[in-house]
Amino acid sequence: MSLQVSELRVHYRTLRGDVRALDGMSFELGDGEILGLVGESGCGKSTLGKSLIRMDGRMRHVGGRVVLDGRELPIADDRAMNDFRFKEVSLIPQYAMSALNPTRKIRRMVGELLRSRGAALDAAELERRMDQVGLPREVLDRYPIELSGGMKQRMVMVISTLLDPSLLIADEVTSALDVSTQKAVARALLGFRDSGYVKSMIFVTHDIALTHHIADTIMVMYAGRLAEKAPADALVKAPRHPYTRLLVDSLPEVGVRYAERRLEGIAGSPPSLLDPPPGCRFRARCPLAGDECAEEPPVAEVAPGHHVACWKA
Amino acid sequence: MMLRLDHVTKVFRIGAFGGRTVTAVKDVSFDVAPGEVVSLIGESGSGKSTLGRLILGLSRATGGTITFDGRPARAGKDYYRDVQGIFQDPFSSFNPVFKADRVFAMIKESYHPGVPEGEWAERVRTALRDVRLNPDQVLGKFPHQLSGGQLQRLLIARALLLEIRLLVADEITSMLDASTRIDVLNLLAELKTRGLGVLYITHDLSLGNYLAERTIVLREGAVVEMGPTGDVFGDPLHPYTRELLSAVPRLHEDWADAEDPGTCLYHERGASGGLLEAAPGHLVACARSKTC
Ligand SMILES: Nc1ncnc2c1ncn2[C@@H]1O[C@H](COP(=O)(O)OP(=O)(O)OP(=O)(O)O)[C@@H](O)[C@H]1O
Ligand SMILES: Nc1ncnc2c1ncn2[C@@H]1O[C@H](COP(=O)(O)OP(=O)(O)O)[C@@H](O)[C@H]1O
Ligand code: SF4
Ligand SMILES: [Mg+2]
Ligand SMILES: [Mg+2]
């Protein structure tokens, strides 16, 4: 088992109280596994990513453990985490493309980053990996602003994985890319796993069709908790959680003429995480909700590797 | 026509002394009518955002004209009463020191000073609910305290409050989850029946396909194909359009590899100069060279 997250609770402190962005998340990730992570905006996906690498000042580790390759990650200890960042866990954040330092040429930026991690630049290896994702070498002598979105994204991918981390978290790295670049970037990520640059990966996205193509397993979060986790095919073709079913039904496809026909979203909005109601968090929006749902549904394994938190699954 | 672009070209000077140039937009003409959604599709760097910025008067065209209601499109309060834009990266659009309620108060001050406070507060809450945000959850927060999707919806709510006639939406749904995205698209569809015109810039073909009456495919700044959405997606004439369509990940099919690009209809018909009208309103450029 590469990653084990158990009962993880991470809150944001605000003037009005704690926002319980992760409220008891448990899941596992195997060696070589790519886990697609989807869920409504605000459900805690980016918070999960940040928790595994660097908590910002307002974040508080309230409970639970994270174990990577048999070692506990000291996620609450910013200093101690330094030994793990880039080397064991690496994150490509949402909007990474706009986060590249605009005043440095790429080559210099890579050098500085590696030095700050106490590693030397292996130029040959860097170039080999750039080849692999289809980046011309002269990119190294350009400023970030001179690269297209897709090029920047691939560059960030190469940089974040140069030290062969065990776990890579990619947060919406393809969301801003056009379809052809998206395909290239997604395939490059698969290549990173197949070449052993990273052992396992969490791929956060809103594109269920895309994650179906690259992930082995898909996990659906809802309001700070796990709703469903299953092998990619099962999750898309035979979802068991009512939220997942509605989500999959709301996908528009090309090749279909919609004209005046409208797909349906999911009525209502997720509960506030400041003071979430007891019981199932999806209750207020769930078409199947019944009396038992006033109690929190446990996560049950309904088929091998298929976990669902719903009384009626 | 409400918005009209005629032979619009934009050349950027780059490099230390402006010695090199990039032609970001090449001879683009199209229009958007009230109550119409036109989607603009193309890969990154194809000039979509540049076109959006030109329409919003944030930069000046090098050649050609852009008019709104027959008058030149010029930045200014009058123009922005009718035309607003929302961009890709919501974090860059918000001033990080203002909370959400302050942002809405500023709109009132500049555009609707006559509306009573109580009524304005109700309008704000309605606009937030229209984009599926819980007003109590977002109003007291700073931008960095909201998720990417929440911010993006806040921006849409802000544009709605202005009661505009044309919305330039640049990749606004790319960071939204599937169900929120459908809500936002359905909301745009509803606003369109009330007369809002939308230029919907996207790289996600399935969303353009869902929403737009007409589709424009852009490549390297030039239009390669445009027409009614059903025709462009159902009967793509340009090899590039076909290539894009084949790269779309589909739920129940394997990822297709790019197919044979096929023939150049433009040459077969012996067309020259400008776009060929292959079917009513369905225009296509030459596939062989970018200049013919
Ligand atoms: N610094 C912060 N202070 C207070 N609340 C925060 C902060 N950052 C995030 N939150 C809240 O925590 C919750 C989870 O946010 P997170 O960014 O993890 O969402 P997400 O699932 O990544 O969403 P998206 O899909 O929109 O990127 C949201 O309700 C958000 O408003
Ligand atoms: N301010 C600018 N200065 C120089 N070049 C620019 C500027 N803005 C855009 N460009 C260039 O114009 C082209 C089109 O960019 P853009 O409109 O952002 O594409 P898209 O939105 O389709 O991804 C690109 O080659 C880009 O590098
Ligand atoms: S536990 Fe009840 S409310 Fe929750 S998803 Fe299942 S049926 Fe719906
Ligand atoms: Mg996020
Ligand atoms: Mg753009």
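The rules we used
Residues numbered from 1 in each chain as written. Chains lettered and ligands numbered in written order. Predicted model: local features only at pLDDT ≥ 70, side-chain atom pairs only at ≥ 80, totals over all residues. Heavy atoms only, no water. Near = heavy atom within 4 Å. Polar contact = N/O pair within 3.5 Å; in protein donor to acceptor, adjacent residues only side chain to side chain. Areas by Shrake-Rupley, 256 points an atom, 1.4 Å probe, with all protein chains shown as cover. Helix = DSSP H or I, 4+ residues; strand = E, 2+ residues; numbered from the N terminus. Nonpolar A, V, L, I, M, F, W, Y, C, P; charged D, E, K, R; others polar. 1 Å grid on protein atoms, 1.4 Å probe; cavity = no way out; pocket = protein on both sides within 12 Å on 5 of 7 lines; lining within 4 Å. Sits in = over half its atoms within 2 Å of the grid points. Pairing = 2+ DSSP bridges. Axes fitted to C-alpha atoms, helices over the stretch in contact; angles between N-to-C directions. Contact = heavy atoms within 4.5 Å. Phe/Tyr/Trp six-rings, centres within 6.5 Å; stacked < 30°, edge-to-face > 60°. Lys NZ or Arg CZ within 6 Å of the ring centre and 35° of its normal. Points joined across faces, edges and corners; volume = space filled by probe spheres on them. Buried < 20%, exposed > 50% of the residue type's maximum accessible area, 1.4 Å probe, protein only.

Chain B is annotated in an unreviewed UniProt entry as Peptide/nickel transport system ATP-binding protein from Nonomuraea wenchangensis.

Going by an unreviewed UniProt entry, chain A carries the name Peptide/nickel transport system ATP-binding protein and comes from Nonomuraea wenchangensis.

K.L.:
Would you mind showing me how to read the site of ligand 2 here?
P.N.:
Residue and element names in this part refer to chain B. Inspection of the region around ligand 2 gives Phe12, Ile14, Val22, Ala24, Glu43, Ser44, Gly45, Ser46, Gly47, Lys48, Ser49 and Thr50 as its neighbouring residues. Ser49 places a polar side-chain atom, nitrogen or oxygen, 2.7 Å from an oxygen atom of ligand 2. For ligand 2, whose accessible area on its own is 560 Å², the fraction buried by protein is 61%. Secondary-structure elements contributing two or more residues to the shell around ligand 2 are β1 (3–14), β2 (20–32) and α1 (48–55). The element best represented in the shell around ligand 2 is α1, accounting for three residues. Broken down by class, the residue content of the shell around ligand 2 amounts to four nonpolar, six polar and two charged.

K.L.:
Would you mind showing me how to read the site of ligand 3 here?
P.N.:
All names here are of chain A. Taken together, His241, Pro242, Cys280, Arg283, Cys286, Leu288, Ala289, Cys293, Pro297, Cys310, Trp311 and Lys312 make up all the residues around ligand 3. In this structure the site holding ligand 3 corresponds to the second largest cavity. Classifying every residue of the shell around ligand 3 by side-chain character gives nine nonpolar, one polar and two charged.

K.L.:
Explain the sheet that holds strand β6 (residues 83–86) of chain B here, please?
P.N.:
Strands in a sheet are paired, the pairing made by backbone hydrogen bonds, and the direction either parallel or antiparallel. All names here are of chain B. The eight strands are arranged β6-β7-β8-β3-β9-β10-β12-β11 in an open sheet whose pairing can be described as mixed. The sheet is open, and its two edges are formed by β6 and β11 (276–279), each paired on a single side. Going from strand to strand, the sheet's axes swing by 20° on average, the running direction of each strand aside. Inspection of the sheet shows strand β3 (residues 37–41) paired to strand β8 (residues 197–202) by five bridges, in the parallel sense.

K.L.:
Please clarify how the interface of chain A and chain B should be interpreted in this entry.
P.N.:
Quite often, the size of an interface is put as the accessible area lost when its parts meet. In this assembly, 58 residues from chain A lie in contact with 54 residues from chain B. Summed over the shared surface of chain A and chain B, the result is 10 residue pairs in polar contact (both at pLDDT 80 or more). At the level of elements, α5 (149–160), α6 (179–194), α7 (208–214), α8 (232–237) and α9 (242–249) of chain A are the ones that each hand at least two residues to the side of chain A that touches chain B. Across the side of chain A that touches chain B, the residue classes tally to 23 nonpolar, 21 polar and 14 charged.

K.L.:
I tried to follow the packing of aromatic side chains on my own but got confused; where do I start?
P.N.:
Each aromatic ring pair is characterised by the separation of its centres together with the angle its planes make. This model, assessed by the stated rule, comprises seven aromatic pairs over all chains. By way of ring pairs, the aromatic residues A:Tyr222, A:Tyr243 and A:Phe282 are connected into one cluster. In this arrangement the basic side chain of A:Arg129 is found over the ring face of A:Tyr197, its NZ or CZ atom lying 3.6 Å from the centre. The ring of B:Tyr210 has A:Arg262 sitting right over it, with the charged end atom 4.9 Å from the ring centre.

K.L.:
I would appreciate a short explanation of the sheet that holds strand β5 (residues 71–72) of chain B in the present structure.
P.N.:
Residues and elements named next belong to chain B. Within the open sheet, the four strands sit side by side as β2-β1-β4-β5. Their pairing is antiparallel. In this open sheet, the two strands that pair with only one neighbour each are β2 and β5. As judged from the five bridges shared by β1 and strand β4 (residues 63–68), these two strands associate in the antiparallel manner. Following the sheet pairing, Leu3 is matched in β4 by Phe68.

K.L.:
Looking at this model, I keep getting lost on empty space enclosed by the protein. Mind explaining?
P.N.:
Any empty space left between the atoms is revealed when a probe the size of a water molecule rolls over them. Enumeration according to the criterion identifies three cavities of 30 Å³ or more in this entry. Taken together, 27 residues form the lining of the largest cavity, with A:Asp207, B:Arg181, B:Asp204, B:Ser206 and B:Pro249 sitting closest to its centre. Looking at the lining of the largest cavity, the elements that each hand over two or more residues are α6 and α7 of chain A together with α9 (205–211) of chain B. Among the elements that make up the lining of the largest cavity, the one with the highest residue count is α7(A) (three residues).

K.L.:
Whenever I open this one, the environment of B:Arg123 confuses me. Can you help?
P.N.:
Residue and element names in this part refer to chain B. Relative to the helices and strands, Arg123 is located in helix α5 (residues 117–130). Overall, Arg123 belongs to the partly exposed group, its relative accessible area being 25%. The spatial distance from the C-alpha of Arg123 to the C-alpha of Leu133 is 13 Å, given a sequence separation of 10 residues. Sequence-distant contacts of Arg123, that is, excluding residues within four places in its chain, are made with His112, Val115, Leu161 and Glu163.

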